[in-house]
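Architecture and fold: a report
Listed here are the chains, written in short residue letters.
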Amino acid sequence: MELLLDSLFNGVAIGSVLLVAALGLAIVFGLMGVINLAHGELMMLGAYTTYVTQLIFKLPILKPFYNSYIIVSIFLAFIVSGVVGILLEKTIIRKLYGSPLETLLATWGVSLILQQFVRSVPLAYGTGLVISLIIGLFLPTTFPPKIKESINFKYFKFSSWILAALSGVLTGSVISSTVSKLSRASARNVDVTAPSWMRGQVEILGTAFPKTRLMIIVITLISVIAITLFLNQSAWGMRIRAVTQNRQMSDCLGISTEKVDIITFGIGSGLAGVAGVAVSLLGSVGPNVGGNYIVGCFMVVVLGGVGNLLGTVLASFGIGIMTDLIGAGRLLSIWPDMPLPLSNTINFFATTSMARVMIFALIVIFLQFKPTGLFPQKGRMVEN
Amino acid sequence: MSISKFKFDKRIVLSFWILLIALIIAAPSLLPVFRLNLLGRYLSLSIVALGVDLIWGYTGLLSLGQGIFFALGGYCAAMYLQITSSSEFPNNIPEFFALYGVEKLPFFWEPFKSPVFTFFAIWIIPALVAGLIGFLVFRNRIKGVYFSILTQASLLVFFNFFNGQQKLINGTNGLKTDVTQLFGQMVGSESMQRIFFWITAILVIAAWFFAKWVVRGRFGNILIGIRDDEPRVRFTGYNPVIFKTIVFSIAGGLAGISGALYTVQSGIVSPQFMTVPFSIEMVIWVAVGGRGTLLGAILGAVFINYAKSLVSEALPASWMFIQGGLFILVVTALPEGVLGWIQGDGPRNLLQRFGLKRKIETYPSLEVNNKEGDNE
């Protein structure tokens, strides 16, 4: 019983990291049919945001609030990754409509640039750049409609970008002069230390659970609930669902698909940032951290089916629990006296990398029976 | 995608070939050993690029897992080389086995004692694996992005498998070939490397002709049909699964040959050949060179890799930026690649933009139709 509970908890913990990472990917994929290969790097940005927030909260002014930095960094990571995602959509992805394979390649290029960016630009100036992006993208939308409609709006836009650039440079230099760890570029991995209230373990039903893992499960739970409410209850959520189901028809009925795309992409990328916070709690953070999770996320999306959150949830927990069952060789401890050939096979697959091999094989077998995932979209098209 | 519109004079073509062959023969004496070795390696990479062009440029299947077949070919060659030069090691098995306490040769190494078997294995094993993966995927009409993701995932599976199995194939360390013997000669020696360069050059040309033969005629037309409108091909009575499986395994076989040639020239095969970035790079060579133009794939592979080695020698950090920028630029601004742009209307459009060449005047309706065709 205890073993089973332990196994279930581990599986859910692995699955919840996958879920929060795959959630954003699944939404974007459902909407545009695009797999964003830079999703892992958006996660990496979220993880680095956590690191930067942590260091900033160590400054004397913010020291009293140090314990709450992880909560703050969740929101900041959402904003940072979301803004980078919006920029990506506005500059590249929009141009590649209807050609998902090209988008795949372009986003891979973006991911290379982001990785090298983190390596060769000091994090302080990176923060400055992100802040100027936020101001430059959002300041023009806050202007009163009178200015927005005037013919000189482009000058206002231009001047707001100048303001944004100035404030970005200012933030960058302030941070780099106060926090010495952020003032130099480095390719080395960094570590995020959890605040004191998140260290240690909690005992439930006689089994000890690490608090960080529980925190990740909580983050995932909140993200899933929030995104479900947003998609099902809000006006924009309804528009997003409409465009996901039928883009042309929604366009004809007066939904601004352009805005829907931006919002969806922003939210999807923001969720990647939140996933980054979760990842930063699990291990050290480096430029390649996203690559470890990205293929797992793809598998979740493929297994779950398009445009269905329930499918995504089930697929990620399924993969998580299977990873734990196979990778830790738990079947052997549940059923110790199984026949020798079977136990040898299980031992052969009882490492993290071999568990991946096994799970992939299982997914391919599954796709033989249900090629479009757990919950396929219904339709009468020839394609899909 | 435009098919070559130029028809050169026969004499020009002939003299081009003579020049090319003369260059290939003379290359070892013109280039320093290091550069010659690099050129040989990049030429062997252009064979895998040809395969990528066949499946992506002509059939529209974006595989992100060509590294599997590339590495399988490399492993076949390396296993043969290791086994033939293991006579002085304990138990007559390759040296690394002793590190892990293995005394008996694993069963799948046995056939690689025979050079004939190896010669066929290098391209048949990757082709069979590709055919199997392809058939399982295509049978379910999995395509587009799903196909790309599945190939990438299978790449990771193979990587994990090869990386983890020390006792079978030396795991993450890979198999070294440069100190092994082939026909009494050291593989890493200068004279052998020169021969490998010539073999590679000949095989690139042979692979080019083979690929040209594949895309010519009905078979090639069906491939292009699958790329442009697969349901229509199916409704016309063809079974796309068979054609896709065949072309995917052809690409796998080409990748295997390429991997074997690359392995003997770089001196090692390791699971690093199966990393995700390397397989995506193969796609970008083709994208830059011009997909749907076979020559573009070859030129793209050779030139981008040469640029990579030159840039990385001078400015190590900047190559990632350049490569990432290249991906974005090619996809957004130059979707047909450099060669496709030259063969298409690219140069004329450029000249028109600067007012150096007059616009072609056609019927207005024709231009409208053309525009519609572009948007599809």
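Residues numbered from 1 in each chain as written. Chains lettered and ligands numbered in written order. Predicted model: local features only at pLDDT ≥ 70, side-chain atom pairs only at ≥ 80, totals over all residues.

**Re the overall build of chain A**
Rules: Secondary structure elements follow DSSP: runs of H or I no shorter than four residues count as helices, runs of E no shorter than two count as strands, and numbering proceeds from the N terminus. When we talk radius of gyration, it's over C-alpha atoms, and the globule rule is simply 2.2 Å times the number of residues to the 0.38. Residue burial here comes from a neighbour count, namely the number of other C-beta atoms, placed from the backbone, that lie within 10 Å of the residue's own C-beta, with 20 or more meaning buried, 12 or fewer meaning exposed, and in between meaning partly exposed. C-beta atoms are placed from the backbone for every residue, and two residues are taken to be in contact when these atoms lie within 7 Å.
Along the backbone of chain A there are 16 helices and two strands. For a compact globule of 384 residues, the expected C-alpha radius of gyration is about 21 Å, and chain A comes in at 22 Å, within 12% of that figure. Along the three orthogonal principal directions, the C-alpha set of chain A runs to about 80 × 60 × 35 Å. Within chain A, the proportion of its 384 residues that are buried is 44%. Taking all contacts inside chain A whose residues are at least 6 apart in sequence as the whole, residues at least 24 apart take part in 79%.

**Some words on the overall build of chain B**
A tally of helices and strands in chain B yields 16 helices and four strands. In summary, chain B has a C-alpha radius of gyration of 22 Å against a globular reference of 21 Å for 376 residues, a match within 12%. With respect to the three principal axes, the spread of C-alpha positions in chain B is 80 × 50 × 40 Å. Residues counted as buried form 44% of the 376 residues belonging to chain B. For chain B, long-range pairs separated by at least 24 residues make up 79% of all intrachain contacts whose partners lie at least 6 apart in sequence.

**Observations regarding the environment of Gly296(B)**
All names here are of chain B. Checked against the element boundaries, Gly 296 lands in helix H12 (residues 294–314). In this structure Gly 296 comes out as buried when scored by C-beta crowding, with 27 C-beta atoms within 10 Å. When the C-alpha positions of Gly 296 and Gly 67 are compared, they lie 20 Å apart, and in sequence the two are 229 residues distant. Beyond its immediate sequence surroundings of up to four residues, Gly 296 is in contact with Gly 289, Gly 290, Gly 337, Val 338, Leu 339 and Gly 340.

**Section: helix H11 (residues 257–282) of chain A**
Residues spaced three or four apart along an α-helix point in a common direction, a consequence of the helix completing one turn every 3.6 residues. What counts here: Multiplying 1.5 Å by the residue count of a helix minus one yields the expected span of that helix.
In a regular helix each residue adds 1.5 Å, so 26 residues correspond to 38 Å; H11(A) covers 38 Å between its end C-alpha atoms and thus fits that length. Among the 26 residues of H11(A), 21 are classified as buried, and the element is accordingly described as predominantly covered.

**Things to note about the nonpolar core**
Formally: Working definition: the nonpolar core is a set of buried Ala, Val, Leu, Ile, Met, Phe, Trp, Tyr and Cys residues, joined through C-beta atoms within 7 Å.
Among the nonpolar cores identified, the biggest contains 204 residues, and Ala49(B) and Val283(B) are the most heavily contacted of them. Here the element with the most residues in this core is helix H1 (residues 2–32) of chain A; it accounts for 17 residues. Leaving out residues up to four positions away in the same chain, Val283(B) has contacts with Leu105(A), Val52(B), Trp56(B), Leu62(B) and Leu64(B).

**Notes on the interface of chain B and chain A**
Every contact between the two is made by 35 residues of chain B and, on the other side, 35 residues of chain A. Elements that contribute at least two residues to the side of chain B that touches chain A include exactly helix H5 (145–164), helix H11 (276–289) and helix H13 (318–333) of chain B.

**Side note on helix H8 (residues 211–233) of chain A**
Given a rise of 1.5 Å per residue, 23 residues ought to cover 33 Å, and the 32 Å separating the end C-alpha atoms of H8(A) matches this to within 8%. Among the residues making up H8(A), those that are buried are Arg213(A), Ile216(A), Ile217(A), Ile219(A), Thr220(A), Ser223(A) and Ile227(A).

**Considerations on the packing of helix H2 (residues 33–58) of chain B against H12(B)**
Residue and element names in this part refer to chain B. Counted only if it meets this: Only the contacting stretch of a helix is used when fitting its axis, a line to C-alpha atoms as for every element, and angles between N-to-C directions run 0 to 180 degrees. Roughly parallel covers angles under 35 degrees, roughly antiparallel covers those over 145, roughly perpendicular covers 65 to 115, and oblique covers all other angles. Crossings are sorted by hand: turned counterclockwise from the far helix by less than a right angle, the near helix makes the crossing left-handed, and turned clockwise it makes it right-handed.
In contact at an axis separation of 8 Å, H2 and H12 are set at 140° when each is read in the N-to-C sense. It follows from the interaxial angle that H2 and H12 lie oblique. In this structure, H2 meets H12 at a crossing whose hand is right-handed. Facing H2, whose interface residues are Leu 38, Tyr 42, Leu 43, Leu 45, Ser 46, Ala 49, Leu 50, Val 52 and Asp 53, H12 presents Leu 294, Ala 297, Ile 298, Gly 300, Ala 301, Val 302, Asn 305, Tyr 306 and Ser 309.

**A short note on the confidence of the model for chain B**
Residues and elements named next belong to chain B. To keep things clear, this is the line we draw: Confidence of the predictor at the level of single residues is captured by pLDDT, which takes values from 0 to 100.
Averaged over all residues, the pLDDT of chain B is 82; the fraction at 70 or higher stands at 91%. Within chain B, no element has a lower average pLDDT than helix H16 (residues 364–375), which sits at 49, and none a higher one than helix H10 (residues 240–266), at 91. Counting interchain partners and residues more than four positions distant, the pLDDT-below-50 stretch residues 1–5 has eight contacts. Note on residues 371–376: pLDDT is under 50 here. Beyond four places in sequence and across chains, it has zero contacts. With a pTM of 0.84, the predicted complex shows an ipTM of 0.79.

**Remarks on the environment of Gly327(A)**
Residue and element names in this part refer to chain A. Topologically, Gly 327 is positioned in helix H13 (residues 309–327). Gly 327 gets classed as buried once you count the C-beta atoms within 10 Å, which come to 21. The spatial distance from the C-alpha of Gly 327 to the C-alpha of Ala 350 is 4.4 Å, given a sequence separation of 23 residues. Filtering out sequence-adjacent residues up to four positions away, Gly 327 remains in contact with Ala 350, Thr 351, Thr 352 and Ala 355.

**Examining the environment of Phe273(B)**
Residues and elements named next belong to chain B. By the element assignment, Phe 273 lies in the loop between strand S4 (268–269) and H11. Under the C-beta neighbour-count criterion, Phe 273 is labelled buried, with 25 such atoms within 10 Å. When the C-alpha positions of Phe 273 and Lys 10 are compared, they lie 41 Å apart, and in sequence the two are 263 residues distant. In contact with Phe 273, not counting residues within four places along its chain, are Gly 67, Phe 70, Ala 71, Gly 74, Gly 259 and Phe 278.

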